[in-house]
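# Results of the structural survey
The chain contents come next:
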Amino acid sequence: MTELLEAGVHYGHQTKRWNPRMRDFILEEKNSIHIIDLSKTVDQLVKAGGFLSGITGRGGKILFVGCKKQAQEAVKEAAQACGQFYVNQRWLGGTLTNLVTIRKSVSKLKDFEALEKSAGFNKINKAEASALRREATRIRHNLEGVLEMEKLPDAIVIIDTVKESIAVAEARRLNIPIVAIVDSNSNPEEINYPIAGNDDAIRAIRIILQKLVDQLVKGRGGVPAAAGELAAVAE
């Protein structure tokens, strides 16, 4: 709880922006800011981490999602640290509900990469080659973390359910369990394993992700990271 406190996980949004469904997770109001009850956050982290650890323990896969600037690097590092998938640039509508189309884009990227290495690539005119390269760069930028995701994940971890509302809707539609940080403006009733906390501060996002990753790593018999070492684990 001390680590969460130091990282500012307890800071919610201004009281005027709150979602009444978060009432049970709010400790108090201070200077027009809602203060989140970290004792509940700790319990939620343990439950969510245990759930995710159970999935990976039986060979399941997890998709981490966080496209806001504060979350991008932390999401990538967390996913790589435990060998899972991630989306951290832009959630493309249909990433889950229309996975076939996403896989076609990935196939297009792989076809281009194979073509680029072949002798025939030099025969393509410069304009066409440039267009193909731009398209490949765009696909890789958006889908880098799901290039090998050939089937739906067994669970999804989301940073900021308000911003990633489309991802939440797609997961719910497909009955994919959702673990998510829910800030004071979120609707925890949409989430299977809500984790009440600040979803805007980089430190807060990192510490919550680290605690989840620690449980996944320990479940595999590994050694959990010290505070702030997600990047080191990823390496």
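Residues numbered from 1 in each chain as written. Predicted model: local features only at pLDDT ≥ 70, side-chain atom pairs only at ≥ 80, totals over all residues. Heavy atoms only, no water.

### Observations concerning the packing of aromatic side chains
The final tally for this structure, using the stated rule, is one aromatic pair. Seen from their ring centres, Phe51 and Tyr193 are 4.3 Å apart, and the 15 degrees between their planes marks the pair as stacked. Here the residue Phe51 occupies a position in helix H2 (residues 38-57), and Tyr193 occupies one in strand E8 (residues 193-196), the gap between them amounting to 142 residues. Against the face of Phe85 rests Lys61, its NZ or CZ located 5.1 Å from the ring centre. (Phe/Tyr/Trp six-rings, centres within 6.5 Å; stacked < 30°, edge-to-face > 60°. Helix = DSSP H or I, 4+ residues; strand = E, 2+ residues; numbered from the N terminus. Lys NZ or Arg CZ within 6 Å of the ring centre and 35° of its normal.)

### As for H2
The terminal C-alpha atoms of H2, which comprises 20 residues, lie 28 Å apart, in line with the 28 Å expected from a rise of 1.5 Å per residue. The set of residues buried in H2 consists of Leu38, Thr41, Gln44, Leu45, Ala48, Gly49, Phe51, Leu52, Ser53, Ile55 and Thr56. One or two residues past the end of H2 sits Gly59, with phi positive at roughly 85 degrees. (Expected span 1.5 Å × (residues − 1). Buried < 20%, exposed > 50% of the residue type's maximum accessible area, 1.4 Å probe, protein only.)

### Considering the pattern of salt bridges
On inspection of all chains with the given rule, the structure shows 10 salt bridges. Ionic pairing is found between Glu189 and Arg21, a salt bridge with its closest N-O pair at 3.4 Å. In this pair, Glu189 sits in the loop between strand E7 (178-182) and E8 while Arg21 sits in the loop between strand E1 (11-14) and strand E2 (26-30), placing the two residues 168 residues apart along the sequence. Taking the relative accessible area as the measure of exposure, Glu189 reaches 59% and is therefore exposed. Between Lys76 and Glu144 there is a salt bridge, and its shortest N-O distance comes to 3.8 Å. (Salt bridge = Lys/Arg side-chain N within 4 Å of Asp/Glu carboxyl O.)

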